[in-house]
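Listed below, chain by chain, are the residues.
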Amino acid sequence: MSAPSYSLPPLPYAYDALEPHISKQIMELHHGKHHQTYITNLNAALKTQAEAVHTADITSQVGLQAAIKFNAGGHINHSLFWQNMAPASSAEAKTSAAPELIKQIKATWGDEQAFYDAFKTTLLGIQGSGWGWLVKVETGKEQRLTIVTTKDQDPVVGKGEVPIFGIDMWEHAYYLQYLNGKPAYVENIWKVINWKTAEERFLGTRADAFKVLRASI
Amino acid sequence: MNSTLLRTTAVRSALRAAVPSTPARAGIAGTTFVRGKATLPDLPYDYGALEPAISGKIMELHHKNHHNTYVTSFNNFSEQIAEAKQKNDIAAQIALQPLINFHGGGHINHTLFWENLAPTSQGGGEPPTGALASAINDSYGSLDAFKEKFNTALAGIQGSGWAWLVQDTQTGKVGIKTYANQDPVVGQFRPILGVDAWEHAYYLQYQNRKAEYFKAIWDVINWKAAEKRLK
């Protein structure tokens, strides 16, 4: 019985394209090593799971859940993350690339600055490893925006939830450059947010947001 | 030896800090309700003394910046919780609990960690003796088998956290437990030996190769300090 095998999606820009806000060395390690490790471990866990399904070994299947959630989460989160960043000098990195999203952000938080402040406070409040996300939650015909954190590699996959963009708060995402200066990273990351991608995810469905994952099979 | 004195002081202050503060009496507005503040303990060795296992730069940042932030944040939130108690604000007290756990845990964990490390010139890496050696052999067969299990536990931590050799206060037996983030070893278990698996503990030197850090750290484990914690 075969399981799907995932591969590392290419970065949509060069490793040094996010400098000076995120260094080339960080991007190389983060994409080439960390993300790759999640994929390698995910593929191994999925293969073992397929065997356990085939042999009706339910205890093994349950035992694999944590490893699948962690490594699949790592693959999902990083795939979304690379796409929701762009070089600071590009048109995508300007909020003008996301007119509809910004409209709803203002309607929700009052103004852009209040939104950033709320997001930064949330990011700095994470205890340990995790992510901060802007999420669109669809409930019937209504939709709302919310800032959420997920611990470790938990992905945003709840009912009606569409991740608009995510910010990696694991230490490996910034430590080589910012050391313990986490607030500076949380400040600078906004200069490389890809608002064009954010707008597309905001206007689209969850399947649209996750299409990068299909492409990585 | 001075370092022994420092170590003892450090542990006492950490444990004192971990004890829930006694109920604050009615006081004058503006009074500080926290009695003794937690302080950053001195390292019992130089920042560079654990090289090559752990670089001097990591030790300096880890002690002077990371640990110190836990200390100042713990003091800050302790003061806030004392004020909330004073005002009988139960909701605020509950909201502050996770912050006390996180920052107080960070202070306790790091204080124990510095102590259970030592340069090779001060006995780092020398295997345990006596009761601890017997307890490890009873539970794991050999020190090498124990290290292997411990490193597997470290590698299995999903996110930030610690692995500890603990003693079960009910049975007296030793075992390996992992804790998320800065959750401290309190309650049923007694901390004997801890290894920090947060990325800040190794990243500048080992980057994504954390297995190498887990392997190298045994060269600077202070088993003498661990032995003293066993009861």
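Residues numbered from 1 in each chain as written. Chains lettered and ligands numbered in written order. Predicted model: local features only at pLDDT ≥ 70, side-chain atom pairs only at ≥ 80, totals over all residues. Heavy atoms only, no water.

### Remarks on the domain arrangement of chain A
The accessible area lost on association of the parts is a frequent measure of interface size.
Residues and elements named next belong to chain A.
Right, so step 1: What the domain assignment lists for chain A is domain 1 (24-83) and domain 2 (91-215).
Right, so step 2: Between the C-alpha centres of domain 1 and domain 2 the distance comes to 22 Å.
Right, so step 3: Across the contact, 18 residues belong to domain 1 and 26 residues belong to domain 2.
Right, so step 4: Here domain 1 meets domain 2 over a buried area of about 1800 Å², counting both sides, of which 68% is carbon and sulfur.
Right, so step 5: At the junction of domain 1 with domain 2, the criterion picks out 1 salt bridge.
Right, so step 6: A salt bridge links K69 to D154, with the nearest nitrogen and oxygen atoms 3.8 Å apart.
Right, so step 7: For the pair domain 1 and domain 2, the number of links is 7 residue pairs in polar contact (both at pLDDT 80 or more).
Right, so step 8: At the level of elements, α1 (24-54) and α3 (65-83) are the ones that each hand at least two residues to the side of domain 1 that touches domain 2.
Right, so step 9: Along the lines of polarity and charge, the residues of the side of domain 1 that touches domain 2 split into 7 nonpolar, 10 polar and 1 charged. (Domains from an automatic or database assignment. Contact = heavy atoms within 4.5 Å. Buried area = accessible area lost by both parts, 1.4 Å probe. Salt bridge = Lys/Arg side-chain N within 4 Å of Asp/Glu carboxyl O. Polar contact = N/O pair within 3.5 Å; in protein donor to acceptor, adjacent residues only side chain to side chain. Helix = DSSP H or I, 4+ residues; strand = E, 2+ residues; numbered from the N terminus. Nonpolar A, V, L, I, M, F, W, Y, C, P; charged D, E, K, R; others polar.)

### Re the interface of chain A and chain B
Right, so step 1: Between chain A and chain B, the residue contacts involve 17 residues of the former and 18 residues of the latter.
Right, so step 2: For the chain A and chain B pair, buried surface summed over both sides reaches about 1700 Å², with 55% attributable to carbon and sulfur atoms.
Right, so step 3: Ranking the residues of chain A by area buried against chain B places A:Q127, A:E171 and A:Y175 at the top, with a combined share of 36%.
Right, so step 4: Here chain A is connected to chain B by 0 salt bridges.
Right, so step 5: The interface formed by chain A and chain B contains 9 residue pairs in polar contact (both at pLDDT 80 or more).

### As for the side chain of B:D196
Residues and elements named next belong to chain B.
Right, so step 1: Here D196 shows up in strand β3 (residues 189-196).
Right, so step 2: Summary of buried charges: D196 has no salt-bridge partner, and the nearest side chain of opposite charge, K210, is 11 Å away.
Right, so step 3: A distance of 3.3 Å separates a polar atom in the side chain of D196 from a polar atom in the side chain of H110.
Right, so step 4: Aside from chain neighbours lying at most four places away, what touches D196 is H62, H110, F113, G161, W162, A201 and Y213. (Buried < 20%, exposed > 50% of the residue type's maximum accessible area, 1.4 Å probe, protein only. Lys, Arg positive; Asp, Glu negative; His and termini not counted.)

### With respect to α1(A)
All names here are of chain A.
Right, so step 1: Here α1 spans 44 Å end to end across 31 residues, near enough to the 45 Å set by a 1.5 Å rise per residue.
Right, so step 2: Taking the largest bend as the criterion, α1 deviates by roughly 30°, centred on H30.
Right, so step 3: Just beyond α1, the residue with positive phi is A56, at close to 55°. (Expected span 1.5 Å × (residues − 1). Bend = angle between axes of the 7 residues up to and from the residue.)

### Regarding the pairing of β3(B)
Residue and element names in this part refer to chain B.
Right, so step 1: Across the 8 residues that make up β3, a large majority, 7, are buried.
Right, so step 2: Sheet topology note: the strand β1 (residues 161-168)/β3 ladder contains 7 bridges and is antiparallel. When the bridges of β3 are listed, D168 appears paired with F189. (Pairing = 2+ DSSP bridges.)

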